[in-house]
Amino acid sequence: MERVPLGRKVLNENERVAAGLRASFEQHDILCLNLISSPGSGKTSLLERTLESFDRSERVALLTGDIQTENDAKRLARFGFPVKQITTGGTCHLDARMVEKALADWRLEDVDLLLIENVGNLVCPSSYDLGEAAKVVVLSVAEGEDKPLKYPSIFFKSELLILNKIDLLPYVSFDIAAAEENARRIHSGMQIVRTSCRTGEGFADWLAWLDRRRESRRAAASASAS
Ligand SMILES: Nc1nc2c(ncn2[C@@H]2O[C@H](COP(=O)(O)OP(=O)(O)OP(=O)(O)O)[C@@H](O)[C@H]2O)c(=O)[nH]1
Ligand SMILES: [Mg+2]
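Residues numbered from 1 in each chain as written. Chains lettered and ligands numbered in written order. Predicted model: local features only at pLDDT ≥ 70, side-chain atom pairs only at ≥ 80, totals over all residues. Heavy atoms only, no water.

Asker: Can you walk me through helix 4 (residues 96–103) in this structure?
Answerer: Since the α-helix advances by 3.6 residues per turn, residues separated by three or four positions end up pointing in the same direction. For helix 4, every residue scored as buried is listed here: A96, M98, V99, A102 and L103. Around the axis of helix 4, the buried residues are gathered within 160 degrees of arc, so they sit on the same side. One side-chain oxygen of the residue at the start of helix 4 lies 3.1 Å from the amide nitrogen of R97, identifying that residue as D95. (Buried < 20%, exposed > 50% of the residue type's maximum accessible area, 1.4 Å probe, protein only. Helix = DSSP H or I, 4+ residues; strand = E, 2+ residues; numbered from the N terminus. Arc of directions from axis to C-beta. Polar contact = N/O pair within 3.5 Å; in protein donor to acceptor, adjacent residues only side chain to side chain.)

Asker: Hey, could you run me through the coordination of the magnesium ion (ligand 2) in this one?
Answerer: In an ideal tetrahedron of four donors about a metal, each angle is 109.5 degrees. In an ideal octahedron of six donors, the angles are 90 or 180 degrees. The protein atoms donating to the magnesium ion (ligand 2) are T44 (OG1), D72 (OD) and E117 (OE), with metal-donor distances spanning 2.0 to 2.1 Å. Going along the chain, you hit the donors of the magnesium ion (ligand 2) in the pattern T-x27-D-x44-E. Here T44 is found in helix 2 (residues 43–53), whereas its partner D72 is found in helix 3 (residues 71–77), with 28 residues between them in sequence. Here T44 matches D72 in class, with each residue buried. (Donors = N, O, S within 2.8 Å, 3.2 Å for Na, K, Ca; no water.)

Asker: Explanation requested: the nonpolar core in the structure shown.
Answerer: Soluble globular proteins: nonpolar side chains tend toward being buried together. Within the largest apolar cluster, 27 residues are counted, with the highest numbers of intra-cluster contacts made by L33, L51, L62, I162 and W206. Listing elements by their share of this core, those giving two or more residues are strand 1 (31–36), helix 2, strand 2 (60–66), helix 3, strand 4 (113–117), strand 5 (134–140), strand 6 (158–164) and helix 8 (203–225). Among the elements that take part in this core, helix 8 stands out by supplying 4 residues, more than any other. Apart from residues lying up to four places away in sequence, W206 is in contact with L33, L46, T50, L160, I162, V193 and T195. Judged by nonpolar contacts, the second largest core, of 22 residues, contains I30, I86, L94 and M98. (Core = buried A, V, L, I, M, F, W, Y, C linked by side-chain atoms within 4.5 Å. Contact = heavy atoms within 4.5 Å.)

Asker: For this particular structure, what's the right way to read the pairing of strand 2?
Answerer: Consecutive side chains along a regular strand alternate between the two faces of the sheet. With 7 of 7 residues buried, strand 2 is to be regarded as a mostly interior element. Burial of strand 2 is two-sided: the residues V60, L62, T64 and D66 facing one way and the residues A61, L63 and G65 facing the other way are all buried. As paired strands, strand 2 and strand 4 are joined by 5 bridges and run parallel to one another. Bridge pairing in strand 4 places A61 opposite L114. Regarding the hand of the β-α-β motif, the stretch spanning strand 2, helix 3 and strand 3 (residues 83–87) is right-handed. (Pairing = 2+ DSSP bridges. Right-handed = clockwise from strand over helix to strand, strands pointing away.)

Asker: What am I meant to see in the packing of helix 2 against helix 8 here?
Answerer: The description of two packed helices rests on the angle between their axes and on the distance between the axes. Here helix 2 crosses helix 8 at 75 degrees, and the two axes come no closer than 11 Å. By the criterion of interaxial angle, the relationship of helix 2 to helix 8 is roughly perpendicular. Contact with helix 2, carried on its side by L46, R49, T50 and S53, involves F203, W206, L207 and L210 of helix 8 and no other residues of that element. (Axes fitted to C-alpha atoms, helices over the stretch in contact; angles between N-to-C directions. Parallel < 35°, antiparallel > 145°, perpendicular 65-115°, else oblique.)

Asker: Got a minute to help me understand the pattern of salt bridges in this structure?
Answerer: Oppositely charged side chains can form a pair if their charged atoms are brought close together. With the rule as written, the count across this model stands at 18 salt bridges. Two residues, E48 and R78, come together in a salt bridge whose shortest N-O distance is 3.1 Å. Of the two residues, E48 is situated in helix 2 and R78 in the loop between helix 3 and strand 3; the sequence distance between them amounts to 30 residues. Its relative accessible area of 14% is what places E48 among the buried residues. Judged by its relative accessible area of 58%, R78 is exposed. Here R97 makes a salt bridge to E100, at a shortest N to O gap of 2.8 Å. With R97 and E100 both in helix 4 and 3 residues apart, the pair spans about one turn of that helix. (Salt bridge = Lys/Arg side-chain N within 4 Å of Asp/Glu carboxyl O.)

Laid out in structure tokens, this is it:
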């Protein structure tokens, strides 16, 4: 029986749509970040604290992916920025077509920063480009310091690792130095910040990274305009 390589075709279709999204984000000077982690590592909590710190004049928009429920969009909508939930109905990751559809009725000229919270999963989302400028992986200290070695793809592809829930370090056996070393074995030079969404510790480092990333996006935009 002849086998048809369907997986490859689906990925190629995703790459095509993602390339269109990336071009559109660049055209509109949007910095798009794709946040990925296992379920419950703290992606929505991180976004909540981030939005809380933003001035209301910030042109930020958010998409949040889950298999079911609008819970995360409801949590994020409290801050007054545009938010849309993508419920995948069973698919374990977002794909570029879902993002394209969710953005169809938004005016991209009104957005500078697009934050996408992917479906909680450390594996599948790493294979789907959403047109983002960077992936950011979140790992909480309750998950074990070996995760970068076990799930290398997402650590290899992410620009930043956020080690979250550091307020729990006294209560869990998690070797944070070993976790960072493991991440850098997979991705040498990986940038890492340590955060607690509960206490706010480390948030200045995350916000500084975000500012630098936004600044380099603006610099690239003005260089291409001149
Ligand atoms: N102690 C502590 N708890 C945290 C921290 N960040 C998040 N939590 C808690 O962890 C749980 C999961 O947080 P969420 O922000 O919903 O995690 P998520 O990654 O968005 O989860 P999914 O969207 O389901 O994948 C919640 O009970 C949060 O209050 C933290 O830094 N410290
Ligand atoms: Mg969430």
